[in-house]
Amino acid sequence: MNFSSPRRRFARAAVAGLALSGLLTACGGSDDSGDSQSSGPVTLPFWGWANGQDAVVKAFNASHKDIQLKYTKVTDQLTMQKQLTNAVKAGNAPCLVQNTAEYVTSWVAQGALADITQYVDGEKDKFNTGSWASAQVQGKSYGVPTSSSPNFTIYRTDLFKKYGIKPPATWDEFIAAGKVLKKHGIKITNYAGEDPSTLEVLAMQAGAHWYAIDGNSWKVDFQDAGTRKAAEVIQQIIDNDLNSKLSFADYAAVQRNYDNGGTATRQISTWQMAGMVQNFTKSFGDWGLSPWPTFTGEAAKTPAGTNLTGSVTLVTKGCKNQKQAAEAALWMSTNTGAVKIMASPTTGNGVMPALADSDTYVPEAVSEKLLGSNYQAGQQIVKDSLKTVTTDWTFGPDWTAMFTEMQAGWAKVVSKEQTVTELLAHMQEWTVKDLKSRGISVKG
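Residues numbered from 1 in each chain as written. Predicted model: local features only at pLDDT ≥ 70, side-chain atom pairs only at ≥ 80, totals over all residues. Heavy atoms only, no water.

Talk me through the sheet that holds strand β3 (residues 96-100); I want residue IDs and the actual numbers.
In spatial order, the strands read β2-β1-β3-β15-β6; together these five strands make up an open sheet with mixed pairing. In this open sheet, the two strands that pair with only one neighbour each are β2 (67-73) and β6 (143-145). Between one strand axis and the next, the sheet turns by 25° as a mean value, whatever way the strands run. With five bridges connecting them, β3 and strand β15 (residues 311-315) associate as antiparallel partners. Opposite N99, over in β15, you have V312 as the bridge partner. Contacting β1 (42-48) and β3, helix α2 (residues 77-90) runs over the sheet at an angle of about 135° to β3. (Pairing = 2+ DSSP bridges. Helix = DSSP H or I, 4+ residues; strand = E, 2+ residues; numbered from the N terminus. Axes fitted to C-alpha atoms, helices over the stretch in contact; angles between N-to-C directions. Contact = heavy atoms within 4.5 Å.)

Can you break down the packing of aromatic side chains residue by residue, with the values?
Scanning the model with the defined rule gives 21 aromatic pairs in all. Taking the centre distance of 5.6 Å and the plane angle of 50° together, the rings of F248 and Y251 count as tilted. Taking 5.8 Å as the distance between ring centres and 25° as the angle between the ring planes, the aromatic pair formed by F280 and W287 counts as stacked. The residues F280 and W287 share a single accessibility class, namely buried. Members of the aromatic cluster, each reached through a chain of ring pairs, are W210, Y211, W218, F222, W393, F395, W399 and F403. A cation over an aromatic ring shows up here: K229 above the ring of F295, its NZ or CZ 5.3 Å from the ring centre. Positioned over the ring face of F284 is K369, at 4.5 Å from the centre of the ring. (Phe/Tyr/Trp six-rings, centres within 6.5 Å; stacked < 30°, edge-to-face > 60°. Buried < 20%, exposed > 50% of the residue type's maximum accessible area, 1.4 Å probe, protein only. Lys NZ or Arg CZ within 6 Å of the ring centre and 35° of its normal.)

Could you give me a rundown of the sheet that holds strand β17 (residues 442-443), with the residues and numbers involved?
As summarised here, the arrangement of the three strands in space is β10-β11-β17, forming an open sheet in which the pairing is mixed. Strands with a single pairing partner mark the edges of an open sheet, and in this sheet they are β10 (211-214) and β17. Pairing of β10 with strand β11 (residues 217-220) involves four bridges; the strand directions are antiparallel. The residue of β11 that forms the bridge with A212 is K219.

Requested: an account of the state of the cysteines, with residues and values cited.
Per the stated rule, a full pass over the model turns up one disulfide. In this model, C95 is linked to C319 through a disulfide, with the two sulfur atoms separated by 2.2 Å. Measuring the twist about the S-S bond at about 90°, one finds the C95-C319 disulfide to be right-handed. Pair noted here: C95 is in the loop between α2 and β3 and C319 is in the loop between β15 and α12 (322-334), with a separation of 224 residues, a long-range link. Accessibility expressed as a relative area gives 3% for C319, which makes it buried. (Disulfide = S-S within 2.5 Å.)

I'd like a rundown of the pattern of salt bridges, residues and numbers included.
Enumeration over the complete set of coordinates arrives at six salt bridges. Among the ionic pairs, E298 bridges to K229, the shortest N-O distance being 2.4 Å. Of this pair, E298 sits in the loop between β14 (287-291) and β15 while K229 sits in helix α9 (residues 225-239), and the two are 69 residues apart along the sequence. (Salt bridge = Lys/Arg side-chain N within 4 Å of Asp/Glu carboxyl O.)

Got a sec to walk through the confidence of the model for the protein chain? Specific residues and values, please.
Considering every residue of the protein chain, the mean pLDDT works out to 88; 89% of them sit at 70 or more. Taken as a whole, residues 1-21 scores under 50 in pLDDT and shows 129 contacts with residues more than four places along the chain or in a different chain. Counted against residues more than four places away or in other chains, residues 305-309, with its pLDDT under 50, gives 44 contacts. (pLDDT = per-residue confidence, 0-100.)

Pasting the structure below:
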């Protein structure tokens, strides 16, 4: 996974304000359940996977007498989806769940989440606009955003200097730099066969819209101009053998490859730096940051996906204390101490907060150990990237199933068994058929 690890993928859900019926399920939405009016302390089960979250829970419990969180750490994001599915079916889902934005619409479609708009809407000015939208569907809030995800390139400054390469400003320059590095046995990027988020984020950056609302139906288009533009870049990288093919199933091996100089760049966000800091032994100080490459002739625009808005804390519909759950979620996303814990690559995951004043946390989210003399310049790159994030991407109601199907095809793309264009044609047909099988109105 060049852009994300199996532990976490970030993305932006821009589906607020639709106020339409019949878009998520064939029978429309389901009624809300109110919070419990019980007095006295309440205990709220909370599932998550991020480093540092246990420390945040401990701080919350120490400062609250009437609400206590009972934290359970799940292995990773994908495991979370499976365990939550089982818990929802069994009627014993936790009150609070860490998740990422691409799954919100799917969980709402399944009737698993609570509408907590009345409890959180007054706090939205504390958050940046894109992050706030990530926890919404059809203008209703189902959780609280916990992080945003600025996107940029991290690269081996020593290798680029040695071979006379400048940090690529465009994807064309990126490909050209990859061809230079290839002559010296170095790959410019890594495409893990299990992670098509590479295609997702480039399509997002190029202005694609795989899912969109058209009247009272979903519109599906995996073959629009933006997606084709992204596909062309990826195909050139694969055809010219400019990419490593290391799976994040062996996370340590991927990190050793970067540390040893086998792969020279990553398009990442701040949270992915944590894995580099924790696993590197040789290349500290040899890394620098540069802006996310643009498509030639276009203004700077960074995708909101994988490294997108980041995580959200969702409140489940079965929670008997939804008001208290919303209060806890807000505290974890806004309390200065809690935010600092999660922003640090040492104590947390190095995530940027979802707050409107995220710039102030950049020094803590960027690793000086990793960047060395490039630390100060790197902070400005991160701040600038927050200003150019895509805000118009929509996640469909079958995103989880769609992404799983795309994973199988992406593996064939990376191994050159099929082209990106062929994969997209398959995804167009498959997704339309899948939505119809769920009784959801669709065009495409």
